[in-house]
Amino acid sequence: MVIYVNELMEIKTQSPCPVCGESLYYIFYETKIAYEEEISIETYFCKRCLYKSNKISSQAGNEPKKINVTIQSREDLRIIIYRSSNGRLIIPEFGAEIEPGLESYGEITTVEAVLEKFLDKIDFMGKDEKNSEIFDEIREKILKNLKGDTEPFTVIIEDPSGKSRINSSKAIESSMEN
Ligand SMILES: [Zn+2]
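Predicted model, so just to flag it, every value in this text is computed and none were measured. (Residues numbered from 1 in each chain as written. Predicted model: local features only at pLDDT ≥ 70, side-chain atom pairs only at ≥ 80, totals over all residues. Heavy atoms only, no water.)

It is worth spelling out the overall build of the protein at this point. Helix and strand content of the protein: two helices and twelve strands. When the helices and strands of the protein are read in sequence order from the N terminus, they spell out β-β-β-β-β-β-β-β-β-α-α-β-β-β. Residue burial in the protein is summarised as follows: out of 178 residues, 33% are buried. The long-range fraction of contacts in the protein, counting pairs at least 24 apart against all pairs at least 6 apart in sequence, stands at 59%. Split by element, the accessible area of the protein, about 10,700 Å² in all, is 50% carbon and sulfur. (Helix = DSSP H or I, 4+ residues; strand = E, 2+ residues; numbered from the N terminus. Buried < 20%, exposed > 50% of the residue type's maximum accessible area, 1.4 Å probe, protein only. Contact = heavy atoms within 4.5 Å. Areas by Shrake-Rupley, 256 points an atom, 1.4 Å probe, with all protein chains shown as cover.)

Counting residues in each nonpolar core, the largest one holds 26 residues, and the members touching the most others are Ile91, Phe94, Ile142, Phe153, Val155 and Ile166. Counting only elements with at least two residues in this core, the list comes to β5 (65-71), β7 (88-91), β8 (96-98), α1 (111-125), α2 (132-146) and β10 (153-159). Broken down by element, the residue count for this core peaks at six residues, all from α1. If near-sequence neighbours (up to four positions away) are discounted, Val155 is found in contact with Ile67, Asn68, Val69, Ile71, Ile81, Leu89, Ile90, Ile91, Val111 and Ile166. (Core = buried A, V, L, I, M, F, W, Y, C linked by side-chain atoms within 4.5 Å.)

So, about the environment of Pro160. With respect to the helices and strands, Pro160 occurs in the loop between β10 and β11 (165-167). Given the relative accessible area of 48%, Pro160 is considered partly exposed. Spatially, the C-alpha atoms of Pro160 and Gly87 are 7.2 Å apart, while their sequence positions differ by 73 residues. Beyond its immediate chain neighbours, meaning those up to four positions away, Pro160 contacts Asn62, Glu63, Pro64, Asn86 and Met176.

With that settled, consider the side chain of Ser161. Tracing the chain through its elements places Ser161 in the loop between β10 and β11. Polar side-chain contacts of Ser161 include one of 3.4 Å to the side chain of Ser84. The residues contacting Ser161, other than those within four sequence positions of it, are Asn62, Glu63, Ser84 and Asn86. (Polar contact = N/O pair within 3.5 Å; in protein donor to acceptor, adjacent residues only side chain to side chain.)

With that settled, consider the pattern of salt bridges. Counting across every chain of the model gives seven salt bridges. In this structure, the salt-bridge partner of Arg48 is Glu22, at a minimum N-O distance of 2.9 Å. Note that Arg48 is positioned in the loop between β3 (38-45) and β4 (52-58) and Glu22 in the loop between β1 (3-16) and β2 (23-33), a separation of 26 residues in sequence. Taking relative accessible area as the criterion, Arg48 reaches 55% and is therefore assigned exposed. Glu99 serves as the salt-bridge partner of Arg88, at 2.6 Å between the closest nitrogen and oxygen. In this pair, Arg88 is assigned in strand β7 and Glu99 in the loop between β8 and β9 (107-110), connecting sequence segments eleven residues apart. (Salt bridge = Lys/Arg side-chain N within 4 Å of Asp/Glu carboxyl O.)

A word on the coordination of the zinc ion. Perfect tetrahedral coordination of a metal by four donors corresponds to 109.5 degrees between them, and perfect octahedral coordination by six donors corresponds to 90 or 180 degrees. Surrounding the zinc ion are the protein donor atoms Cys17 (SG), Cys20 (SG), Cys46 (SG) and Cys49 (SG), at 2.2 to 2.4 Å. Around the zinc ion sit four donor atoms; with metal-centred angles ranging over 102 to 114 degrees, the donor geometry is tetrahedral. Positions of the donor residues of the zinc ion along the chain correspond to the pattern C-x2-C-x25-C-x2-C. Residue Cys17 is found in the loop between β1 and β2, and its partner Cys46 is found in the loop between β3 and β4; the two are separated by 29 residues along the sequence. In this pair, the class of Cys17 matches that of Cys46, namely buried. (Donors = N, O, S within 2.8 Å, 3.2 Å for Na, K, Ca; no water. Tetrahedral: all angles 85-135°; square planar, octahedral: opposite > 155°, others 65-115°.)

This paragraph deals with the side chain of Arg83. For Arg83, the position within the fold is in strand β6 (residues 80-83). There is a polar contact of 2.9 Å between the side chain of Arg83 and the backbone oxygen of Gly87. At a separation of 3.3 Å, a polar atom in the side chain of Arg83 contacts the main-chain carbonyl oxygen of Glu99.

This is the structure:
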């Protein structure tokens, strides 16, 4: 991940290092991370034992948005997706939904990796009598697509923070109202 540092501030504090007791340094900087907007990183750092504690927070507030892209070919499986920590990813054709995570960072992934992840999820959940047919059907569809025998489907990201991206000229962005 590429990180550009804009500004750096370093102050020696009165707080002792929890590991060795030496005074901690407080380091603050604002950066830009690829795909994300401005973020700030606050670190308490011990120069003696290298103990480190980080807090990362986001600066920019973007408009809520919805992005969708239709996957139509094997090449489309390589489209890169950045799903921010607030982004919900949906593939209606497969009944697939990836909820926003608890992690503070989003994830950079590809359509292919999303399909594989969802396939694992299906296998993990297993099946019972009631839903086995639907499971098998979806499983088959996903496997077919992974093998390059594409049956068009849609990848949608809904993101209240507006930070998620789909890196494709075919991606369509709209506001989240509709
Ligand atoms: Zn220390």
